[in-house]
Amino acid sequence: MKRKISSAQLLFSVASFIVASRMITKVLYSYLKQDSWIGILLGYLISLPVLMIYGALAKRFPSKNIIEISEAVFGKILGKIISACYTFYFMSLAVLYTRSVGTFVKTIILPNTPMALILILFVFICSWAVKKGIIGLTGCSTVLAAISAVLIIFKFLLLFKELEFKNFLPAFAMQPKNYLIGAHVVAAQSLCEIFVFFMLVPHMQKPEEFGRTARAGVTVATVILLIVTARDIAVLGSYTVVSTMPSFSVLRLIDVGDIFTRLESLYTAIHISLLFFNVSILYYATVSGFSRLLNVKSHQCFIHIFGALMITGALSVFESSYEHTQWNSSAAAIYATLFLFFLPAATLIAAAIRRLPGKETEHPA
Amino acid sequence: MIRRIGIKKRILAVLAALALTSGLTACFDRRELDTLGIVIGVAIDKGETEGETELTLQIANVAESQSSKQGSNTSKKEESGGSSFFNVSHSGKTVNTILRDLEHMISRRVYIPHIQVIIFGEELAREGVRDSLDFFARAPEARMTLYVFVAKGKAADILNVKSLLEAYPSTALMQRIKNQDITSDTPIVTEFEFVRTMMNKSTAAVLPIVEITEQKDRQRLLVGGCAVFKDSRMVGELDKKETRGLLWVKGEVEAGILSVELMGVCAAAEIVSAKSRVNAELREDGTIFFRITVDEVQALGDQTGITNLAAPENLPALLEESERVIADEIQSALDQSWELQADIFGFGEYISRKYPDKWKDMEDNWDELYQKIEVEIEVNAKADGTGRTIMPLIPE
């Protein structure tokens, strides 16, 4: 009997997956400034119905991943096309996360090292994780989530004297349009990205609990994101907008009695571990989706091919980090919405119309 | 699990791990300690050529400062001709250009994360510091927890004033500003705080002033008062009294001495703690009204004469006089801010927080509106202790 993912493990995986995407708070700041925390709450609210779609799909088609579901719903040809879309989306996300590792290491730690070298090392480790078992990796997520939560609280305490709560005022001062954009960014570029865990549903102990567990994980992550955003705003104030990495800038300000200072290595370590987790999950989703597309039983043979693709992709996707920022703050949310909302919603509707799954596969409700 | 892995695979795993970690040794970015010129202080002045900036770096001579700490071998020190630091200057268009040019002049790579102070020359400050600060806010390795000053005269001269106690002039200056919280005559401003205020449209930022004084043929550094910046340009100064007036309102007074005179005696009231509140109000007749409330707790530090100021019947008078002194300090800061047309208190921010909608119309002509604001100052002093004595040293 193969090992299966427990619901608790999935919950923590979802949470740490989202916490890793907290760089998008930077995009949020540019739209909502001191009101960014509202954007996170709104984003949480609009992502709930989307998560319910995922939950409903998982309930309807127990123990199937999203590729199998879309093939079941849309038939051979259209199903394959849609599956290819999903696989492409997972791949593109993996590439973007890999790229952000490269940018992060290059700006913060090793400015002169070629990005290719950093990425080769990074993707190599991820490929190892994918090869040796993604199930075990989700087990690690408990530790990852715990460490990052503890660190975030620890940093919060160390920064206590820097917090200026008047930075939150005036509240509700932005244009309504900006709140919508902000909420959309949070939902599409962070919270709903956990859609990728749909590829792990067949490995769950209780696949029917996918929706509920994912919602719980997203809730935990939202709380963490709220703490991070609130801290950044309270400390940085009007400086938030110019900072490349607000959360990192905040950390560099820690100075408690000249002893607790220069703590950014803590952030660096946890940030890279979290991104490793994200890329591995997406990497797995890509290769397993692709092998399913070609009806190949094992995905092992594709791992290295896609690893190479990810490295070259990450190296060439943006000319500069500025372009990356531009992408994050403009097109990314709309791009993601197609895959995270429209396709799953269409799948659910089509399944309902066609009364799928049919009698022979129906599970006892 | 482990039992099942063959020896070949294990060797392979170890080799792979070694190969991977060797990629992380940062060969491209290696920086060894003996190749670094650790910059501990920076002075920025206006260059002699128009449009140029003169940058002076104070670089720590780590080996030398250690041998001088051991102290015994003075002859060796003379032989090496060195002090524990050296200063090097160069001019150019931008800070980063100058830093690279400086590499031609010193044997080591300039290393900036340990800068303790940045000093702006007054002339440069009056023309604007935004361009010079850009590098220090942008460079990935730079830190924003360092302290920023404005020098009266040339900033580079400040870095030449040796301290008797500290190895480096920069450290001496940094220690001095860190201790200012016991007088509250000088604002303590880190680069980050300065930048954060500079990013605010309506509030004027302040920086402490440092100057050189001659005392018995010895140069000393004197820190006190502050320079006021509007749109990154220095527009004027506050003296010590006005500075404390500003700090009262900002709630940054932590300790200090209030000199009061009453009943024919002088006394020093020690500030134990202070809190401030600013309440903004847009009245219907169009006046912009602020109420500043300062709650101060004080102890009697010392006094002259024989009238016992700590006695219950005299205490109210002492407190009242202290309140008057504080209010006077605040008023003088206000007057000076009107004179300089600079909203040093951040009154605009109070309006923007409380009346965000109306602020949008006021924001652009805040400079004019600021001249017309009405301010009410309310000070409440409370007594807290008289030290180890309860009365002056007089026989009963």
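A brief report on the enclosed structure follows. These numbers come from a predicted model, not from an experiment.

**A word on the overall build of chain A**
Per the secondary structure count, chain A includes 14 helices and 2 strands. The C-alpha atoms of chain A give a radius of gyration of 20 Å, which matches the 21 Å a tight globule of 365 residues would have. For chain A, the C-alpha atoms occupy an extent of roughly 70 × 45 × 40 Å along the three principal directions. For chain A, the proportion of its 365 residues judged to be buried stands at 57%. For chain A, the share of sequence-separated contacts (at least 6 apart) that also reach a separation of at least 24 residues comes to 83%.

**Side note on the overall build of chain B**
In terms of regular secondary structure, chain B is built from 14 helices and 13 strands. Computed over the C-alpha atoms, the radius of gyration of chain B is 27 Å, more than 25% above the 21 Å expected from 2.2 N^0.38 for a compact globule of 396 residues. Taken along its principal axes, the extent of the C-alpha atoms in chain B is 90 × 65 × 60 Å. Taking all 396 residues of chain B together, 48% fall into the buried category. In chain B, 69% of the contacts between residues at least 6 apart in sequence involve partners at least 24 apart. Surface accessibility of chain B: about 20,900 Å² in total, with carbon and sulfur atoms responsible for 50%. Each charge class in chain B was averaged separately, 47 positive and 63 negative side chains, and the resulting centres sit 12 Å apart.

**Considerations on empty space enclosed by the protein**
All names here are of chain A. Scanning the entire structure with this criterion turns up 1 cavity of 30 Å³ or more. There is about 30 Å³ of room inside the largest cavity. Counting only elements with at least two residues in the lining of the largest cavity, the list comes to α7 (134-158) and α11 (264-293). By residue number, the principal contributor to the lining of the largest cavity is α7, which donates 4 residues. Its residues placed into classes, the lining of the largest cavity shows 5 nonpolar, 1 polar and 2 charged.

**Here's the deal with unusual backbone geometry**
Negative phi characterises most residues that are not glycine, and trans characterises most peptide bonds. Of note, the amide linkage connecting Leu169(A) to Pro170(A) takes the cis form, showing an omega dihedral of -5°. Within the secondary structure layout, Pro170(A) lies in the loop between α7 and α8 (176-189). Even without being glycine, Asp217(B) reaches a positive phi, approximately 65°. By the secondary structure assignment, Asp217(B) is in the loop between β7 (205-215) and β8 (218-230).

**Things to note about helix α1 (residues 7-20) of chain A**
Residue and element names in this part refer to chain A. With 14 residues, α1 extends 20 Å from end C-alpha to end C-alpha; this agrees with the ideal 20 Å at 1.5 Å per step. Most of α1 sits inside the fold, with 11 of its 14 residues counted as buried. Taken as a whole, α1 has its buried residues at Ser7, Gln9, Leu10, Ser13, Val14, Ala15, Ser16, Phe17, Ile18, Val19 and Ala20. At its buried positions, α1 is contacted by α7, α9 (210-236) and α11.

**Focus on the pattern of salt bridges**
Tallying each qualifying case throughout the model produces 26 salt bridges over all chains. Ionic pairing is found between Arg196(B) and Glu164(A), a salt bridge with its closest N-O pair at 2.9 Å. Of this pair, Arg196(B) sits in helix α9 (residues 191-198) while Glu164(A) sits in the loop between α7 and α8, placing the two residues on different chains. What makes Arg196(B) buried here is its relative accessible area of 12%. Shared partners join several salt bridges into a network, and the residues in it are Glu68(A), Glu71(A), Lys80(A) and Arg292(A).

**Description of the interface of chain A and chain B**
Contacts between the two partners involve 29 residues from chain A, matched on the other side by 26 residues from chain B. Note on chain A versus chain B: buried area summed over both sides is about 2,600 Å², and carbon and sulfur give 58% of it. When the buried area of chain A at its contact with chain B is split by residue, Tyr239(A), Arg252(A) and Arg262(A) rank highest and sum to 25% of it. Our enumeration of links across chain A and chain B arrives at 1 salt bridge. For the pair chain A and chain B, the interface holds 6 residue pairs in polar contact (both at pLDDT 80 or more). Among the secondary structure elements, those contributing two or more residues to the side of chain A that touches chain B are α6 (115-132) and α9 of chain A. It is α6(A) that provides the largest number of residues to the side of chain A that touches chain B, a total of 5 residues. Per-class residue counts for the side of chain A that touches chain B are 17 nonpolar, 6 polar and 6 charged.

**Brief notes about helix α6 (residues 130-138) of chain B**
Residue and element names in this part refer to chain B. Looking only at α6, the buried set comprises Ser132, Leu133, Phe135 and Phe136. Buried positions in α6, seen along its axis, are confined to an arc of 150° and lie on one side of it. Facing away from the buried side of α6, by more than 90 degrees, are the exposed residues Asp131 and Arg138. Among the structural elements, β1 (36-46), α4 (95-102), β5 (117-121), α5 (122-127) and α9 are those in contact with the buried residues of α6.

**Description of the nonpolar core**
Among the nonpolar cores identified, the biggest contains 163 residues, and Phe90(A), Phe197(A), Phe198(A), Leu57(B), Phe120(B) and Phe229(B) are the most heavily contacted of them. One finds Leu282(B), Val325(B), Phe345(B) and Phe347(B) within the second-largest nonpolar core, a separate group that totals 48 residues.

**Some words on the pairing of β5(B)**
Residue and element names in this part refer to chain B. Counted residue by residue, β5 has 5 buried out of 5 residues, so it is predominantly covered. By the alternation rule, side chains of β5 split into Val117, Ile119 and Gly121 and Ile118 and Phe120, which are all buried. Note: β1 against β5, 4 bridges, orientation parallel. Residue pairing across strands places alanine 43 opposite isoleucine 119, the latter belonging to β5.

**Observations concerning the packing of aromatic side chains**
For the coordinates displayed, the defined rule picks out 31 aromatic pairs over all chains. Seen in terms of ring centroids, Tyr86(A) and Phe195(A) are 5.3 Å apart; in terms of plane orientation they differ by 45°. Their pairing is tilted. Linking Tyr86(A) in helix α5 (residues 76-108) with Phe195(A) in the loop between α8 and α9, this pair joins segments that are 109 residues apart in sequence. A residue is classified by how much of its surface remains accessible, and Tyr86(A), at 0% relative accessible area, is buried. We classify Phe195(A) as buried; its relative accessible area is 0%. Look at Phe165(A) and Phe168(A): their rings are 6.2 Å apart centre to centre, the planes differ by 20°, and that puts the pair in the stacked class. Given the relative accessible area of 16%, Phe168(A) is considered buried. An aromatic cluster is present here, built from Tyr54(A), Tyr86(A), Tyr89(A), Phe90(A), Phe195(A), Phe198(A), Phe210(A), Trp327(A), Tyr335(A) and Phe339(A) joined pairwise through their rings. For Arg283(B), the ring lying beneath its charged end belongs to Phe289(B), and the centroid distance is 4.0 Å.

The rules behind the values
Residues numbered from 1 in each chain as written. Chains lettered and ligands numbered in written order. Predicted model: local features only at pLDDT ≥ 70, side-chain atom pairs only at ≥ 80, totals over all residues. Heavy atoms only, no water. Helix = DSSP H or I, 4+ residues; strand = E, 2+ residues; numbered from the N terminus. Rg over C-alpha atoms; globule rule 2.2 N^0.38 Å. Buried < 20%, exposed > 50% of the residue type's maximum accessible area, 1.4 Å probe, protein only. Contact = heavy atoms within 4.5 Å. Areas by Shrake-Rupley, 256 points an atom, 1.4 Å probe, with all protein chains shown as cover. Lys, Arg positive; Asp, Glu negative; His and termini not counted. Charge placed at Lys NZ, Arg CZ, Asp CG, Glu CD. 1 Å grid on protein atoms, 1.4 Å probe; cavity = no way out; pocket = protein on both sides within 12 Å on 5 of 7 lines; lining within 4 Å. Points joined across faces, edges and corners; volume = space filled by probe spheres on them. Nonpolar A, V, L, I, M, F, W, Y, C, P; charged D, E, K, R; others polar. Expected span 1.5 Å × (residues − 1). Salt bridge = Lys/Arg side-chain N within 4 Å of Asp/Glu carboxyl O. Buried area = accessible area lost by both parts, 1.4 Å probe. Polar contact = N/O pair within 3.5 Å; in protein donor to acceptor, adjacent residues only side chain to side chain. Arc of directions from axis to C-beta. Core = buried A, V, L, I, M, F, W, Y, C linked by side-chain atoms within 4.5 Å. Pairing = 2+ DSSP bridges. Phe/Tyr/Trp six-rings, centres within 6.5 Å; stacked < 30°, edge-to-face > 60°. Lys NZ or Arg CZ within 6 Å of the ring centre and 35° of its normal.

So yeah, pure geometry; function would need other evidence.
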